[in-house]
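# Observations on the model geometry
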Amino acid sequence: MSAVLLEHVWKIYKLGETEVVALSDVSLCIEDREFHCIIGPSGSGKSTLLSIMGGMEKPTRGRVVIYGIDITNMSETQLAKIRRDLIGFVFQHFYLIPRLTVVENVELPLIAKGVPAKERRRLALEALEAVGLGHKAYMRPTQLSGGEMQRVAIARAIVTRPKLLLADEPTGNLDVESAKKVMDIFTRLNRDYGITIVLATHNIELLPYCDRVTRIRSGRIVRTYQKDEIDLLVKELSSVISPGSTRT
Ligand SMILES: Nc1ncnc2c1ncn2[C@@H]1O[C@H](COP(=O)(O)OP(=O)(O)OP(=O)(O)O)[C@@H](O)[C@H]1O
Ligand SMILES: [Mg+2]
């Protein structure tokens, strides 16, 4: 069964009189246990695509199926349940709550699921161990580096054991070293826990971590590249990019 199936998905935003076509006729199939990257320049529709995959936004037209469940016409209550049970989210900004400790931040999604306090703590500590931050559980987010904060956000995203992890530019605010750590964690979560990962970025340096890459431009899929084509894609994208720029 595929993890994500998009069929002829369109997303059109209406701003007064004008229409912004954020996605046009996007069809894409992401396999279970795949590490898939969406690459494209700013404004190409990456975040919109992830929001639709995660049931946070509805497509204007088209069909969205997550693990065999057609979520296209679901109510907000039904969508909330799908998100809670199947999906984890990681964003460029970490969205941690500063007045809570690290472990309390990680426990938050479990409160929504009604997991008892003791079990919550155990699962949250386990998730923190998985991202190498068990020893910082009782610190505050403000006492951590950016890379560590993102790893806490990843722990929070996986604490409910989602089948699908959606990561929107997760290394965008990180230095090269921290970015590498975060990508290594994603690789491990994908390989060892079998979590399907869809990662959106405009950074070509992240591509070699992935199984397949879909290139998007102006809301349209240009092409999906297989694992053995990724080196070629990186070369191609590097050659069209002037030094210092990340235009894709
Ligand atoms: N809520 C909204 N209302 C109106 N237009 C929107 C909205 N969200 C996104 N857009 C537009 O849709 C297009 C795609 O935006 P999106 O955020 O998906 O791009 P992106 O690839 O994630 O860009 P970035 O790399 O800068 O994050 C853009 O033209 C954007 O201005
Ligand atoms: Mg975006």
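### Examining the overall build of the protein
Looking only at helices and strands, the protein has seven helices and 10 strands in total. In terms of overall dimensions, the protein is globule-like: its C-alpha atoms have a radius of gyration of 18 Å, near the 18 Å expected for 248 residues. By principal-axis analysis of the C-alpha atoms, the protein measures approximately 45 × 45 × 40 Å. Sorting the 248 residues of the protein into buried and exposed places 40% on the buried side. Of the contacts formed within the protein by residues at least 6 apart in sequence, a portion of 69% connects residues at least 24 apart.

### Overview of the sheet that holds strand β5 (residues 69-70)
The strand order β2-β1-β4-β5 describes an open sheet built from four strands, whose pairing is antiparallel. Sheet topology places β2 (18-31) and β5 at the edges, where each strand pairs with a single neighbour. Strand direction decides the pairing type here: strand β4 (residues 61-66) and β5, joined by two bridges, are antiparallel. From the neighbouring strand, Val65 faces β5, where its bridge partner is Asp70.

### Digging into the pairing of β2
When strand β1 (residues 2-15) meets β2, the two strands line up antiparallel, connected through 10 bridges. Residue pairing for β2: Ser2 is matched across the bridge by Glu31. Linking β1 back to β2 in an antiparallel pair, the connection comprises two residues, with Gly16 at a positive phi of about 65°.

### As for the site of ligand 1
With respect to spatial proximity, 13 residues lie near ligand 1, and among them Tyr13, Ala22, Ser42, Ser47 and Thr48 are the closest. For the shell around ligand 1, the secondary-structure elements that each account for two or more residues are β1, β2 and α1 (46-53). Class assignment of the residues belonging to the shell around ligand 1 gives a composition of four nonpolar, eight polar and one charged.

Basis of the calculations
- Residues numbered from 1 in each chain as written.
- Chains lettered and ligands numbered in written order.
- Predicted model: local features only at pLDDT ≥ 70, side-chain atom pairs only at ≥ 80, totals over all residues.
- Helix = DSSP H or I, 4+ residues; strand = E, 2+ residues; numbered from the N terminus.
- Rg over C-alpha atoms; globule rule 2.2 N^0.38 Å.
- Buried ≥ 20, exposed ≤ 12 C-beta atoms within 10 Å, placed from the backbone.
- Contact = placed C-beta atoms within 7 Å.
- Pairing = 2+ DSSP bridges.
- Near = placed C-beta within 6 Å.
- Nonpolar A, V, L, I, M, F, W, Y, C, P; charged D, E, K, R; others polar.

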